[in-house]
Amino acid sequence: MSTAPWQREWQNAIRHPASLLKRLGLDASLLEPATRADRLFELRVPEAYLQRIEPGNRHDPLLRQVLPVDAESADSAGFGDDPVGDHASLANGGVIHKYRGRALLITTGACAINCRYCFRRHFPYADANASSGQWAGAIDYLRADPSISEAILSGGDPLSLNDRRLGALSEALASIPHLRRLRVHSRMPVVLPSRIDGALLEWLTGTRLTPVMVIHANHPNELDGRVADALQRLTARGVRLYNQAVLLRGVNDDAATLEALGERLFELGVQPYYLHLLDRVRGAAHFEVDDATAAALMRALAAVTPGYMLPRLVREVAGEPWKVPIDWTRHAPM
Ligand SMILES: *Cc1c(COP(=O)(O)O)cnc(C)c1O
Ligand code: SF4
């Protein structure tokens, strides 16, 4: 398969703190800490995302999601390597089957961007991903369990795989009679919108499975014109779109930002779905918003927002049969 434009864009992503700072006209004093933290989890930002960061603004909410900083080396109580217990739930072939009716496939460890708050900082993907052993194990697992009606492609970012491989996978999934939906969780429509091309639309919408995509946008500034076009290509082909955001200190922890995010998503045909409390992964403690603050934000948001634009505030708790809803309606501490 020849190299698609999105693959070239991905290959050309910025990977060095020095280039990032230079490109954005940022203070050289950020370089030393960035270089240190880059060794823990490497920097990666595609140009399409970089263009939405305000040059010279070291507090830009998009920059904060990608710039390595010293706070990442702080050890914080309760922040570990596997905060949601996924290592333990790995079944054969890279399948995580925690919730009834839905099975999640770890398709790849790769992503177009490296988000500093990500649980994936420490996940041993080399052992876990379904692509290394081809799909056979995952397909067998799904075929053997008629209670599963939805296959969820996750990672990493499943859309970092090429369309030939994804096409083969979606065909194999469609051949399993009890599957009804193919859900893709991806940050690509947001960080590398050129990924949503004709070849992708073909396999995603070309089987009998109902296509669902959950995009991961955290801030309204992430949703520029190129992203809008990509989402339009998806909705035009009947792909149902939802958004999952993570509540991140210094990024989207104010009601006005969350309101603007919901409005913009709605305008683009995307249903706000989850607002996740941070997974407590080592190196990301500086992003955490405490429960009481999160609840207060939800109350402020609910007071100004149509109910259908209101995401569900949830936390992932190891061993629970769903994402645990946080009750934000009471003022009392939780
Ligand atoms: C989040 C998640 C799902 C999907 O949950 P929904 O509430 O349906 O969005 C499925 N499987 C695993 C392992 C998950 O972590
Ligand atoms: S899995 Fe999602 S949050 Fe984590 S680095 Fe990849 S795109 Fe970012």
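What you see is a predicted model, and the numbers here were worked out from it, not measured in a lab.

Details of the pairing of strand 1 (residues 95-99)
Right, so step 1: Pairing of strand 1 with strand 2 (residues 102-106), which is carried by 3 bridges, proceeds in the antiparallel orientation. Looking at strand 2, one finds that isoleucine 96 is bridged to leucine 104.
Right, so step 2: Taken together, strand 1 and the strand that follows it, strand 2, pair antiparallel across an intervening segment of 2 residues, in which glycine 101 is found at a positive phi of about 85°.

Some words on the site of ligand 1
Right, so step 1: Ile96, Lys98, Tyr99, Arg102, Leu104, Ile152, Arg183, Tyr273, Tyr274, Glu316 and Lys323 make up every residue found near ligand 1.
Right, so step 2: Here an oxygen atom of ligand 1 and a side-chain polar atom of arginine 102 are 2.7 Å apart.
Right, so step 3: Arginine 183 is positioned with one of its side-chain polar atoms (N or O) 2.8 Å from an oxygen atom of ligand 1.
Right, so step 4: Coverage of ligand 1 by the protein amounts to 91% of the 390 Å² it exposes when considered alone.
Right, so step 5: If you list the elements that add at least two residues to the shell around ligand 1, you get strand 1, strand 2 and strand 7 (271-276).
Right, so step 6: By residue number, the principal contributor to the shell around ligand 1 is strand 1, which donates 3 residues.
Right, so step 7: By residue class, the composition of the shell around ligand 1 is 6 nonpolar, no polar and 5 charged.

What about the side chain of arginine 299?
Right, so step 1: The residue arginine 299 is located in helix 14 (residues 291-302) in this model.
Right, so step 2: In this structure arginine 299 is buried but unpaired, with aspartate 327 as the nearest side chain of opposite charge at 7.4 Å.
Right, so step 3: Reaching out from arginine 299, the side chain makes a polar contact with the backbone oxygen of tryptophan 328 at a distance of 3.0 Å.

Observations concerning the UniProt feature "binding site: [4Fe-4S] cluster" (unreviewed entry) in the protein chain
Right, so step 1: When the UniProt feature table is mapped onto this chain, "binding site: [4Fe-4S] cluster" (unreviewed entry) is found at Cys111, Cys115 and Cys118.
Right, so step 2: Assignment of secondary structure puts cysteine 111 in the loop between strand 2 and helix 7 (125-128).
Right, so step 3: For cysteine 111, a relative accessible area of 12% corresponds to the buried category.
Right, so step 4: Those residues in contact with cysteine 111 that lie beyond four places of it in its chain are Trp10, Arg44, Arg120, Gly156, Asp157 and Ser160.
Right, so step 5: Within the fold, cysteine 118 resides in the loop between strand 2 and helix 7.

Quick word on the packing of helix 9 (residues 163-174) against helix 11 (residues 198-205)
Right, so step 1: One way to put it is that helix 9 packs onto helix 11 with a least axis distance of 9 Å and a crossing angle of 10°. With respect to their mutual orientation, helix 9 and helix 11 come out roughly parallel. Residues Asp163, Leu166, Gly167 and Ser170 of helix 9 form the contact with helix 11, whose participating residues are Ala199, Leu200 and Trp203.
Right, so step 2: Here the contact of helix 9 with helix 11 is built from residues that sort into 4 nonpolar, 2 polar and 1 charged.

Looking at the domain arrangement of the protein chain
Right, so step 1: Split into domains, the protein chain comes out as domain 1 (5-73) and domain 2 (86-325).
Right, so step 2: Spacing between the C-alpha centres of domain 1 and domain 2 amounts to 23 Å.
Right, so step 3: Taking both partners together, domain 1 and domain 2 bury about 2,700 Å²; carbon and sulfur atoms supply 55% of that area.
Right, so step 4: The three residues of domain 1 that bury the most area against domain 2 are Trp6, Phe41 and Gln65, which together make up 31% of that side's buried surface.
Right, so step 5: The interface formed by domain 1 and domain 2 includes 4 salt bridges.
Right, so step 6: The shortest N-O distance in the salt bridge between arginine 226 and glutamate 9 comes to 3.3 Å.
Right, so step 7: Counting every contact that joins domain 1 to domain 2 gives 20 residue pairs in polar contact (both at pLDDT 80 or more).
Right, so step 8: Broken down by secondary-structure element, the contributors of at least two residues to the side of domain 1 that touches domain 2 are helix 1 (5-11), helix 4 (47-50) and helix 5 (63-66).

Overview of the pattern of salt bridges
Right, so step 1: One pass over the structure, following the stated rule, counts 21 salt bridges.
Right, so step 2: A salt bridge links arginine 36 to aspartate 70; the nearest nitrogen and oxygen atoms lie 3.0 Å apart. Of this pair, arginine 36 sits in helix 3 (residues 31-38) while aspartate 70 is found in the loop between helix 5 and helix 6 (86-89), placing the two residues 34 residues apart along the sequence.
Right, so step 3: Classification of arginine 36 by relative accessible area gives partly exposed; the value is 37%.

What about the site of ligand 2?
Right, so step 1: Surrounding ligand 2, one finds Cys111, Ile113, Cys115, Tyr117, Cys118, Arg120, Gly156 and Arg187.
Right, so step 2: Class assignment for the residues of the shell around ligand 2 results in 5 nonpolar, 1 polar and 2 charged.

Some points on helix 9
Right, so step 1: Counted at 1.5 Å a residue, the expected span for helix 9 with its 12 residues is 16 Å, and the 16 Å between its end C-alpha atoms agrees.
Right, so step 2: For helix 9, the complete set of buried residues consists of Asp163, Leu166, Gly167, Leu169, Ser170, Leu173 and Ala174. Across the axial projection of helix 9, the buried residues extend over an arc of 165°, all falling on one side. In helix 9, the exposed positions that point more than 90 degrees away from the buried face belong to Arg164 and Glu171.
Right, so step 3: On the buried face of helix 9, the contacting elements are helix 1, strand 2, helix 8 (136-143), strand 3 (150-154), strand 4 (181-186) and helix 11.
Right, so step 4: Where helix 9 starts, the residue carrying a side-chain oxygen 3.0 Å from the main-chain nitrogen of arginine 164 turns out to be asparagine 162.

Parameters at a glance
- Residues numbered from 1 in each chain as written.
- Chains lettered and ligands numbered in written order.
- Predicted model: local features only at pLDDT ≥ 70, side-chain atom pairs only at ≥ 80, totals over all residues.
- Heavy atoms only, no water.
- Pairing = 2+ DSSP bridges.
- Helix = DSSP H or I, 4+ residues; strand = E, 2+ residues; numbered from the N terminus.
- Near = heavy atom within 4 Å.
- Polar contact = N/O pair within 3.5 Å; in protein donor to acceptor, adjacent residues only side chain to side chain.
- Areas by Shrake-Rupley, 256 points an atom, 1.4 Å probe, with all protein chains shown as cover.
- Nonpolar A, V, L, I, M, F, W, Y, C, P; charged D, E, K, R; others polar.
- Buried < 20%, exposed > 50% of the residue type's maximum accessible area, 1.4 Å probe, protein only.
- Lys, Arg positive; Asp, Glu negative; His and termini not counted.
- Salt bridge = Lys/Arg side-chain N within 4 Å of Asp/Glu carboxyl O.
- UniProt positions renumbered as here; feature names shortened; annotations may be inferred.
- Contact = heavy atoms within 4.5 Å.
- Axes fitted to C-alpha atoms, helices over the stretch in contact; angles between N-to-C directions.
- Parallel < 35°, antiparallel > 145°, perpendicular 65-115°, else oblique.
- Domains from an automatic or database assignment.
- Buried area = accessible area lost by both parts, 1.4 Å probe.
- Expected span 1.5 Å × (residues − 1).
- Arc of directions from axis to C-beta.

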